[in-house]
Amino acid sequence: MHGAAAAAPAVADRAERAPAAATRVHGAALEEVEVALGVRLEVEGELVEVGRDLHIVVEVLVEVGLAIAVLIVAMVLGLSGTARTTLVLGAAKAYYEDSTIEAEAWGALSTDDVTSVRLNVTDSQVDVVDSGYGSYSIGDAVNTFTRTRFKVADMALIMANGTASGTFNQCVVDSGRFGVMMHSNSGGVLTIQDSRITSQAAAVQVKSSSPTINIRNAQLFAANGLLIQAVVNDDPYMTELGFPAGGSTVVATLSDSTLSGDIVNGNTASGTVTVTLSNTKLTGAITEATTTHATAADGTALSFSHPELYYLVGEFIHTYASTGKGMSVALSSGSTWVVNQSSYLSSLTVSKDSRVKAPQGKTLTMTVNGVVTALKPGKSYSGTIVLSVV
């Protein structure tokens, strides 16, 4: 299949089962499999692969009352490319089983223009070779992955506007940047259960979003040390149009896990993060932070007028410090938090069977509103809380 905006839409109101065959597609702004209008698509034992002829950053001119849109990965996602392997639309349902879904650049399993989409992938392999995401969930879309492996350039899943949600169950993710990225999400649910995520950047990056995050019996390995990172949405297109990023309320529960890394709220000016550890051991910081955005080597800032700097989208620099609000932590069910660097909170609750302590050979001191305070199990504290490690 070749050409611009090419697609193979399924027929409405009946189930479609793709034959067991290899398909490859090349061209500009296209989808290999498009599913819409309430169709149920089932794919089993299939190799679905999409390449791309255009690997360029396209500068899009936007004027008042006029938008020239190009079907490419917008720089606002920090990606490049022109083709999606699967695009699920409307109220469609798509099922992949024992399949390999591959994209060279943009995305492998995408959703868009959603009424109520359900995307289910089981016992499969999802690969993104050069730039892009494994899957994209937007609006009332729920993307569920079971016993599936991801090897992706930028992120396994993006959870976008609305209640977009995603579940990883017994999955393995290897990502060149983020495990999961969210932007402008409101009420979505991310579940990572019995799974392993290895990423170079944050395992979960939350940009101006209000999701519920459930991490159960999971392993998260982030090379930059960030397990969960809450930041403002740095979408340069929306900034150019004068739309401010919305606030956020992140609720994260980590249960039955042993994890190393930090949980950071770098968006305390307009957002809060609540973290609950349940039967979990976490070694790292849980903290508020002041945040600046990364720039190019010559100091040029990310903006829509510099599309060549798309790679800066999602790149932030944190300084752990008290901001006066924004990070609440609760420990329950025998949890342990090993504070290996100073952390700044707005509230802390420790159940009688849980512990907050320093690493071996270090000392932990807590101040509440500037007053040194004993840290005891079975107690709650609120105010400007500083946990110092020396």
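Residues numbered from 1 in each chain as written. Predicted model: local features only at pLDDT ≥ 70, side-chain atom pairs only at ≥ 80, totals over all residues. Heavy atoms only, no water.

**Notes on the packing of aromatic side chains**
Here's step 1: Using the criterion set out here, one finds five aromatic pairs in the structure.
Here's step 2: Centroid distance Tyr 133 to Tyr 136: 5.4 Å. Interplanar angle 40 degrees. Geometry classified as tilted. In this structure, Tyr 133 and Tyr 136 share a single accessibility class: buried.
Here's step 3: Relative to Phe 150, the ring of Phe 145 lies with its centre 5.0 Å away and its plane at 85 degrees, an arrangement referred to as edge-to-face. An identical accessibility class is assigned to Phe 145 and Phe 150; each is buried.
Here's step 4: An aromatic cluster of at least three residues, connected via ring pairs, comprises Phe 145, Phe 150 and Phe 168. (Phe/Tyr/Trp six-rings, centres within 6.5 Å; stacked < 30°, edge-to-face > 60°. Buried < 20%, exposed > 50% of the residue type's maximum accessible area, 1.4 Å probe, protein only.)

**A short note on unusual backbone geometry**
Across the chain, the bulk of peptide bonds are trans and the bulk of non-glycine residues have phi less than zero.
Here's step 1: The phi torsion at Asn 279 lies on the positive side, around 50 degrees, for a residue other than glycine.
Here's step 2: Judged by relative accessible area, Asn 279 falls into the partly exposed class, the value being 41%.
Here's step 3: Residue Asn 369 is not a glycine yet carries a positive backbone phi of 55 degrees.
Here's step 4: Mapped onto the elements, Asn 369 comes out in the loop between strand 36 (364-368) and strand 37 (371-372). (Helix = DSSP H or I, 4+ residues; strand = E, 2+ residues; numbered from the N terminus.)

**Some remarks on the side chain of Ser 278**
Here's step 1: With respect to the helices and strands, the residue Ser 278 is situated in strand 28 (residues 271-278).
Here's step 2: Of the residues examined, Ser 278 reaches a relative accessible area of 19% and is grouped as buried.
Here's step 3: If near-sequence neighbours (up to four positions away) are discounted, Ser 278 is found in contact with Leu 254, Ser 255, Asp 256, Ser 332, Ser 333 and Ser 335. (Contact = heavy atoms within 4.5 Å.)

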